[in-house]
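Observations on the three-dimensional arrangement
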Amino acid sequence: MNWDDTAPATDDAAPAGPDRLVGADADGEDTAVEAALRPKDLQEFVGQERVREQLDLVLRAARARGATADHVLLSGAPGLGKTTLSMIIAAEMGAPIRITSGPAIQHAGDLAAILSSLQEGEVLFLDEIHRMSRPAEEMLYMAMEDFRVDVIVGKGPGATAIPLELPPFTLVGATTRAGLLPPPLRDRFGFTAHMEFYAPEELQRVIHRSAGLLDVPLEADGAAEIAGRSRGTPRIANRLLRRVRDYAQVKADGVITREIASQALGVYEVDARGLDRLDRAVLTALLKLFGGGPVGLSTLAVAVGEERETVEEVAEPFLVREGLLARTPRGRIATPAAWAHLGMVPPQHQAGGNGQQGLFGA
């Protein structure tokens with residue numbers, strides 16, 4: 001067992017890590033551009049076919065009854081469209097939307113202030129809902145179920161609970177870590193959906209749509225090249241499209257072809273599978289310095305000059321999902337696909353295929 005893998009995580013939020021072109025979290029530029037690129041209704045929304053079909057039924061039924069829609073919980077990795085779907089829900093219901101986040105609600109009073117100012121039928125979008133404080137979370141139970149909150153006035157023995165009636169509203173919660181939500185909160189959502197990563201064909205449709213809105217000349221093979229490096233995430237696909245557009249305008253005639261897209265993303269160090277500098281540094285250290293593993297997380301982080309949390313939360317999820325790295329009780333190990341991707345030959349003891357060293361390297 002690698003003892004440096006036993007240290008507990010310090011926070012439930014992913015560390016910021018280095019600025020990455022293939023990072024799924026939104027930066028300032030993403031936020032501005034996404035506002036212009038967001039689809040306005042479910043028909044425009046690309047991908048997530050099952051979620052769209054189910055959500056369409058929920059919203060149509062609510063409109064037919066003349067009632068507010070059930071509370072909705074959306075889970076999935078960053079950049080898959082949770083915020084966009086919340087805005088579509090509000091648009092489909094013809095209601096205004098209020099946007100906030102779990103970390104911004106640290107006290108029950110913060111939540112009470114937001115809830116008491118809602119209009120009837122309004123959509124409240126609560127991003128990263130799993131990071132809300134426990135007192136606010138307990139207040140939310142009653143607000144979701146009974147449309148009522150108890151506001152505590154005073155302190156100690158003289159404190160008084162004043163019931164406050166709320167207008168019917170729809171809560172849309174979004175989370176990247178659904179397992180951290182307590183069951184009582186999860187159970188109060190009438191509709192839950194998990195957002196899946198996009199297939200390359202779906203990302204090509206996203207890229208073509210965005211290119212049209214941005215007035216970028218784009219050939220089909222150029223869209224396919226960008227989609228293949230986008231990690232199954234529309235936000236990353238749109239970001240890569242903008243960087244390839246810049247390269248095409250400066251180095252070529254402005255038209256994005258497969259060759260131009262490949263050259264541009266080579267400049268930005270995003271390879272054919274979507275790995276960037278950090279991903280390749282982790283794999284290279286694992287293969288060259290530790291013979292493919294197993295090696296402890298902290299040791300691997302030191303080898304690449306990054307924080308342990310950065311390697312674990314920023315680099316590892318994609319490498320594991322791509323089948324290039326595996327987590328085992330003894331540490332991290334490289335898979336045969338990792339050796340092949342970096343064009344390296346595994347040591348003789350790994351040629352058998354399980355990718356693990358014996359205890360003494362035999």
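Structure's up top.
First, a word on scope: everything that follows refers to the structure included in this document. (Residues numbered from 1 in each chain as written. Predicted model: local features only at pLDDT ≥ 70, side-chain atom pairs only at ≥ 80, totals over all residues. Heavy atoms only, no water.)

Turning to the pattern of salt bridges, a few remarks are in order. Using the criterion set out here, one finds 17 salt bridges in the structure. For Glu92, the salt bridge is made with Arg63, and the minimal N-O distance between the two is 3.5 Å. Pair noted here: Glu92 is in helix 3 (residues 82–93) and Arg63 is in helix 2 (residues 49–65), with a separation of 29 residues, a long-range link. You can call Arg63 partly exposed: its relative accessible area is 37%. Between Glu322 and Arg273 there is a salt bridge, with the nearest N and O atoms lying 3.2 Å from each other. With Glu322 in the loop between helix 13 (308–321) and strand 8 (325–328) and Arg273 in the loop between helix 10 (258–267) and helix 11 (277–289), the pair connects residues that are 49 residues apart, well separated along the chain. A cluster of three or more residues bridged by salt bridges with shared partners is formed by Glu225, Arg229 and Arg258. (Salt bridge = Lys/Arg side-chain N within 4 Å of Asp/Glu carboxyl O. Helix = DSSP H or I, 4+ residues; strand = E, 2+ residues; numbered from the N terminus. Buried < 20%, exposed > 50% of the residue type's maximum accessible area, 1.4 Å probe, protein only.)

Let's shift gears to the pairing of strand 3 (residues 123–127). Within strand 3, four of the five residues are buried, leaving the element largely enclosed by the surrounding structure. Here strand 2 (residues 97–101) pairs with strand 3 via five bridges, running parallel. From the neighbouring strand, Arg98 faces strand 3, where its bridge partner is Leu124. Handedness of the crossover joining strand 2 and strand 3 through helix 4 (residues 108–116) is recorded here as right-handed. Bridge count between strand 3 and strand 6 (residues 170–175): four bridges; the pairing is parallel. Bridging across to strand 6, Leu126 finds its partner in Gly173. (Pairing = 2+ DSSP bridges. Right-handed = clockwise from strand over helix to strand, strands pointing away.)

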